[in-house]
Amino acid sequence: MNTKELLKGNTEMIILASLADGPKHGYLITQWIRTQSEDSFAFSPGMLYPLLHKLEHENLISASWITSEEGRDKKVYQLTKSGGNAYHAYKKDWTLFAKKIQHLIS
Amino acid sequence: MPFIKNLRKSLRVSPEKEQKIVAEIEQHLEEEAHTLQLQGKNSVLARQESEQDFGNAQEIAQALNETHQQLPQLLRTLHLRHAILLIALYGFICSYTSLTYAFFTPGSSPAWFIVTIPQIALFFISAKMLHAQKLSRSELRKAYTKLFVHFSLFHALFLGVIALFDNKIKDILTGGIMLRYEWYLARMPSDFGDAFALFLITTTLYLFALLAAIGYTSISKNQDGFLIRM
């Protein structure tokens, strides 16, 4: 399966999905995507961070710096209200799209 | 940390944003390196692997610049080195015109020699700035461009110092070149041969200095790349 082609156009939805269950920092987002997709999708950090900054600029996610238990400062992202709405809209469109494709190929 | 260094070189954002971006990416690199160390890798290899896994620093910086862009496209592509290269080119053009003018002006030939000899000495001193070894072709080109820039800047500075004491050169460096274009135009048809000969002599002198500096720095090529011995 050519996963790279399938990923195109859906990268922002995947990032929003990763934050749907709570705030995460960049490294945790890459790990979440890898484990949830069972290693089918892998976001390189080089691809992820420009996207995170873009989504932050578009006010779909917000960022804050927290101090972890180990005493390190970490930048953590979370969905904004608009981001949550955008994610639900994406999910709805994708579910409908997948249903139509399934209908075509079956 | 070459990755972070390369990233900083290519970022075109405000210093505060640059600091935050670098801190965030540094945090990611540390997390990944820590995970790799838990898998048994040593700290140096873990860090190297996490940097490689991150991607190409220049491409990432470009993508981040696009996201954070506040400057017009042209200004975002300009770099301090472009300004320095322009200054160096100006210094070089000044030197040609000043030498031509000094040579053809009665009673000024000693100044011509006085200016040229220290230039060659300065070129060799500037060659000491090449400290790298095992360079790729593009790194070698960049190293010699840097040498040329330093040489030209020293050259322009040196002429500037002379300008304080020699009114003729001072006249040229402070705009005499443009004011004397009629002089050049009047002399060119009859003295073109002499002027061209002088141009060739000066160019040969500079090329000789460059080749001598290359020999002095002793470049050799092996399978690892270009090796420069100082």
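What you are looking at is a predicted structure, and each value in this text was computed from that prediction instead of being measured.

Rules used throughout
Residues numbered from 1 in each chain as written. Chains lettered and ligands numbered in written order. Predicted model: local features only at pLDDT ≥ 70, side-chain atom pairs only at ≥ 80, totals over all residues. Heavy atoms only, no water. Helix = DSSP H or I, 4+ residues; strand = E, 2+ residues; numbered from the N terminus. Buried < 20%, exposed > 50% of the residue type's maximum accessible area, 1.4 Å probe, protein only. Areas by Shrake-Rupley, 256 points an atom, 1.4 Å probe, with all protein chains shown as cover. pLDDT = per-residue confidence, 0-100. Contact = heavy atoms within 4.5 Å. Buried area = accessible area lost by both parts, 1.4 Å probe. Polar contact = N/O pair within 3.5 Å; in protein donor to acceptor, adjacent residues only side chain to side chain. Nonpolar A, V, L, I, M, F, W, Y, C, P; charged D, E, K, R; others polar. Patch = residues over 30% accessible without salt bridge, like charges linked within 9 Å, V, L, I, M, F, W, Y side chains within 5 Å. Salt bridge = Lys/Arg side-chain N within 4 Å of Asp/Glu carboxyl O. Lys, Arg positive; Asp, Glu negative; His and termini not counted. Charge placed at Lys NZ, Arg CZ, Asp CG, Glu CD. Expected span 1.5 Å × (residues − 1).

**Regarding the overall build of chain A**
1) Next: What chain A contains, in helices and strands, is five helices and three strands.
2) Next: Going from the N terminus to the C terminus, chain A shows its helices and strands as α-α-β-α-α-β-β-α.
3) Next: Looking at chain A residue by residue over its 106 residues, the buried ones come to 40%.
4) Next: Summed over all atoms, the accessible surface of chain A reaches about 6,600 Å², with 55% contributed by carbon and sulfur.

**Comments concerning the confidence of the model for chain B**
The predicted coordinates of low-pLDDT regions are not to be read in fine detail.
Residues and elements named next belong to chain B.
1) Next: On average, residues of chain B carry a pLDDT of 67, and 31% of them reach 70 or more.
2) Next: Low confidence marks residues 175-179, where pLDDT is under 50. Its contacts with residues over four positions away, or in another chain, come to five contacts.
3) Next: Model confidence for the complex: the whole-complex pTM is 0.51, and ipTM, which rates the interface, is 0.79.

**Comments concerning the interface of chain A and chain B**
1) Next: Contacts between the two partners involve 18 residues from chain A, matched on the other side by 17 residues from chain B.
2) Next: Between chain A and chain B, roughly 1,700 Å² of surface is buried when both sides are summed, and carbon and sulfur atoms account for 59% of that area.
3) Next: Of all residues in chain A, the largest losses of buried area upon contact with chain B belong to A:Y27, A:Y49 and A:H53, amounting jointly to 35% of the total for that side.
4) Next: Taken together, the links from chain A to chain B amount to nine residue pairs in polar contact (both at pLDDT 80 or more).
5) Next: If you list the elements that add at least two residues to the side of chain A that touches chain B, you get α3 (26-36), α4 (45-57) and β3 (73-79) of chain A.
6) Next: At seven residues, α4(A) tops the list of elements feeding residues into the side of chain A that touches chain B.
7) Next: For the side of chain A that touches chain B, the residue count by class is six nonpolar, seven polar and five charged.

**A look at a positive patch on the surface**
1) Next: Side chains of B:K5, B:K9, B:R141 and B:K142 sit close together on the surface and give a patch of like positive charge.
2) Next: Secondary structure elements with two or more residues in the positive patch: α1 (2-10) and α8 (137-165) of chain B.

**Quick word on helix α4 (residues 57-68) of chain B**
1) Next: In this model α4(B) runs 16 Å from its N-terminal to its C-terminal C-alpha over twelve residues, within 8% of the 16 Å that 1.5 Å per residue would give.
2) Next: In this fold, the buried residues of α4(B) make contact with α4 of chain A together with α1, α2 (15-38) and α3 (43-54) of chain B.
3) Next: Of the residues that open α4(B), the one with a side-chain oxygen 3.0 Å from the backbone nitrogen of B:Q58 is B:N56.

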